[in-house]
Amino acid sequence: MGIAGVGVGNEEGRSARKRRLIMEAATTLFLRNGYQGTSMDEVAALAAVSKQTVYKNFTDKEGLFSEIIMSVATTVDAFIKLIGDKLHNSKDLAADLPVLARQYLHSVMRPQVLQMRRLLVGEAARFPELARTYYEQAPERVLTALAPELKHLDERGLLRVDDPALAAKHFAFLVLGVALDKAMFFGDTPPFTDEELNHLADEGVRVFLAAYGV
């Protein structure tokens, strides 16, 4: 039983590695050539696996593209946890909000996240459901997590928030708006240094607290 178990484990390990290699190769090609300019043959060649192995793991190119896009959406999980950790019992919003804002901005401005966002926006007409699902699972999930925390801060007397959902959107756009808008047009050349991103995040918080602070 032990020997058989080891064999199964090794097989699962090889399958997982091949799947990872396929996704990495496909990501490289989609970002370099776009969806239309990428073929499953090229994915197999770059991943150094057979075409049969590619199709064993992914039914078609659309399914492979969808899984890669949605894998990026899961990167918001850690940030959503940070929202609760930083805000729920905060006693000093002037200190805690900038930490949250900086992490928010830096996570969104990571090169691969920006590349995937550009790619998905370009393919939104071809994949409207995928684009909608990505929005719901990434940007909208952050807003949905942030709104009740802002309401809780209002109840604790630390903010004045009549419409928590709208306040969450204001926070997001004040922190992300300038950097994200510019980055969408700059390809792989970072338009801001880390120091500049921190400054934008801090200023976004300052304006937010000017509007919603007590």
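- In the annotation of an unreviewed UniProt entry, the protein is listed under the name TetR/AcrR family transcriptional regulator and assigned to Kibdelosporangium aridum.

A short note on the UniProt feature "domain: HTH tetR-type" (unreviewed entry) in the protein
For step 1, the next point in the chain: Residues annotated by UniProt as "domain: HTH tetR-type" (unreviewed entry) correspond here to residues 16–76.
For step 2, the next point in the chain: Between the C-alpha atoms that bound residues 16–76 the distance is 23 Å, and the span itself is 77% helix and 0% strand.

Structural notes on the UniProt feature "DNA-binding region" (unreviewed entry) in the protein
For step 1, the next point in the chain: Per the UniProt entry, the sites bearing "DNA-binding region" (unreviewed entry) are residues 39–58 in this numbering.
For step 2, the next point in the chain: Between the C-alpha atoms that bound residues 39–58 the distance is 13 Å, and the span itself is 75% helix and 0% strand.

Things to note about the packing of helix α5 (residues 76–87) against helix α6 (residues 93–108)
Two quantities define a packed helix pair, namely the angle between the axes and the distance from one axis to the other.
For step 1, the next point in the chain: It is the contact of α5 with α6, at a shortest axis distance of 10 Å, that shows an interaxial angle of 175°. Compared by their axis directions, α5 and α6 come out roughly antiparallel. Residue-level inspection shows F79, L82, I83, K86 and L87 of α5 in contact with α6, the latter providing L93, D96, L97, V99, L100, Q103 and Y104.
For step 2, the next point in the chain: Looking at the contact of α5 with α6 residue by residue, the class counts come to 9 nonpolar, 1 polar and 2 charged.

Digging into the packing of aromatic side chains
Two descriptors summarise a pair of aromatic rings, namely the distance from one centre to the other and the angle between the planes of the rings.
For step 1, the next point in the chain: Applying the stated criterion across every chain yields a total of 9 aromatic pairs.
For step 2, the next point in the chain: Considering the side-chain rings of Y35 and F127, the 4.9 Å spacing of their centres and the 80° angle between planes classify their relative orientation as edge-to-face. Within this pair, whereas Y35 is found in the loop between α1 (2–33) and α2 (40–47), its partner F127 is found in the loop between α7 (111–122) and α8 (128–137), the two being separated by 92 residues in sequence. Like F127, Y35 is buried.
For step 3, the next point in the chain: Both rings, one in Y104 and one in F171, keep their centres 6.4 Å apart while their planes meet at 5°; by these two values the pair is stacked. With a gap of 67 residues between them, Y104 in helix α6 and F171 in helix α10 (residues 164–183) connect regions that are remote in the sequence. Take Y104 and F171: they sit in the same class, and that class is buried.
For step 4, the next point in the chain: Taken together, the ring pairs in this structure connect F79, Y104, F171, F208 and Y212 into an aromatic cluster.
For step 5, the next point in the chain: Positioned over the ring face of Y35 is K61, at 4.3 Å from the centre of the ring.
For step 6, the next point in the chain: Residue placement shows K182 over the ring face of F192; its charged tip is 5.3 Å from the ring centre.

Some thoughts on the layout of surface pockets
For step 1, the next point in the chain: Reported here for the largest pocket is a volume of approximately 610 Å³.
For step 2, the next point in the chain: Around the largest pocket sit 29 residues that line it, and Y104, V108, R117, P139 and L176 are the ones nearest its centre.
For step 3, the next point in the chain: Elements supplying a minimum of two residues to the lining of the largest pocket: α5, α6, α7, α8, α9 (139–155) and α10.
For step 4, the next point in the chain: Tallied by class, the residues present in the lining of the largest pocket amount to 21 nonpolar, 4 polar and 4 charged.
For step 5, the next point in the chain: One number sums up the size of the second largest pocket: a volume of about 240 Å³.
For step 6, the next point in the chain: Around the second largest pocket sit 16 residues that line it, and M109, R110, P111, L114 and P190 are the ones nearest its centre.
For step 7, the next point in the chain: Of all elements in the fold, only α7 and α11 (194–212) reach the threshold of two or more residues within the lining of the second largest pocket.
For step 8, the next point in the chain: Counting residues per element, the lining of the second largest pocket draws most heavily on α7, at 4 residues.

Calculation notes
- Residues numbered from 1 in each chain as written.
- Predicted model: local features only at pLDDT ≥ 70, side-chain atom pairs only at ≥ 80, totals over all residues.
- Heavy atoms only, no water.
- UniProt positions renumbered as here; feature names shortened; annotations may be inferred.
- Helix = DSSP H or I, 4+ residues; strand = E, 2+ residues; numbered from the N terminus.
- Axes fitted to C-alpha atoms, helices over the stretch in contact; angles between N-to-C directions.
- Parallel < 35°, antiparallel > 145°, perpendicular 65-115°, else oblique.
- Contact = heavy atoms within 4.5 Å.
- Nonpolar A, V, L, I, M, F, W, Y, C, P; charged D, E, K, R; others polar.
- Phe/Tyr/Trp six-rings, centres within 6.5 Å; stacked < 30°, edge-to-face > 60°.
- Buried < 20%, exposed > 50% of the residue type's maximum accessible area, 1.4 Å probe, protein only.
- Lys NZ or Arg CZ within 6 Å of the ring centre and 35° of its normal.
- 1 Å grid on protein atoms, 1.4 Å probe; cavity = no way out; pocket = protein on both sides within 12 Å on 5 of 7 lines; lining within 4 Å.
- Points joined across faces, edges and corners; volume = space filled by probe spheres on them.

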